[in-house]
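# Inside the fold
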Amino acid sequence: MSKAQKKSSGMPEFLRRFFVALKRQPAIIALVVLLIAFFQYSLNLTHISDTTAKIQGPGMGLCGFATMLFSMLSLVCFLNAFPKRKKPVIPMVALMFVMFAIIIYCDWHYCRLIETALYREVNPIVIDLSTLYIAKAYNVLQTHMVIECIGAVLVLLMPVYTKMLRKINTSITVEDNGKMDVIDISGED
């Protein structure tokens, strides 16, 4: 069929295909946000490790390890919780939210340990050029918490935006070129 015979719903073809893909699997939206959170944390892991080595607060290493581990496992749970074109698997969704809670708590706890080390009365850590990584780690953790919360909210609101995506008209109307009576479908020679 030629392009002249197809009429789109008024949007460019690449945008129409994008919305068709989203309508088929709307979980991709939340997955992309969770992937951004994972990469944001894992690509800045050096700052967090250096901060753990410098401050050596109680449970800092465990918090960093738990955040990394549960970030990976929550992505695996997400992929198993929302299979393609099937209903969500509720136990996996529940397990995924438990992991989100652990990740957010570990990030929060790690930030409190950094604050404690910076403002303690005896031997406080001073942020200068040699310890700038501590401030970077603190910012990474704050950003990671925010992105992780956005991802959790997107998972919760998935039924809402799935219905909104289905309302977008992505159909193509095929025009008749006037030669439909010429086509012989009887199979007789």
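This report concerns the structure included in the present document. (Residues numbered from 1 in each chain as written. Predicted model: local features only at pLDDT ≥ 70, side-chain atom pairs only at ≥ 80, totals over all residues. Heavy atoms only, no water.)

### Some details on the packing of aromatic side chains
Scanning the model with the defined rule gives 4 aromatic pairs in all. With 5.0 Å between their ring centres and 50° between their planes, Phe78 and Phe82 make a pair best called tilted. You'll find Phe78 and Phe82 in the same group, each marked buried. Seen from their ring centres, Phe97 and Phe100 are 5.5 Å apart, and the 85° between their planes marks the pair as edge-to-face. Here Phe97 and its partner Phe100 are both found in helix α5 (residues 90–119), 3 residues apart, which amounts to about one turn of the helix. On the basis of relative accessibility, which here comes to 2%, the residue Phe100 falls in the buried class. (Phe/Tyr/Trp six-rings, centres within 6.5 Å; stacked < 30°, edge-to-face > 60°. Buried < 20%, exposed > 50% of the residue type's maximum accessible area, 1.4 Å probe, protein only. Helix = DSSP H or I, 4+ residues; strand = E, 2+ residues; numbered from the N terminus.)

### Side note on empty space enclosed by the protein
Sizing a probe to match a water molecule and rolling it over the atoms shows the empty space that remains. According to the stated counting rule, one finds 1 cavity of 30 Å³ or more in the structure shown. Lining the largest cavity, in full, are Leu34, Ala37, Phe38, Ser71, Ser74, Leu75, His144 and Glu148. Among the elements of the structure, α2 (27–42), α4 (60–81) and α6 (132–156) are those that each provide at least two residues to the lining of the largest cavity. Broken down by class, the residue content of the lining of the largest cavity amounts to 4 nonpolar, 3 polar and 1 charged. (1 Å grid on protein atoms, 1.4 Å probe; cavity = no way out; pocket = protein on both sides within 12 Å on 5 of 7 lines; lining within 4 Å. Points joined across faces, edges and corners; volume = space filled by probe spheres on them. Nonpolar A, V, L, I, M, F, W, Y, C, P; charged D, E, K, R; others polar.)

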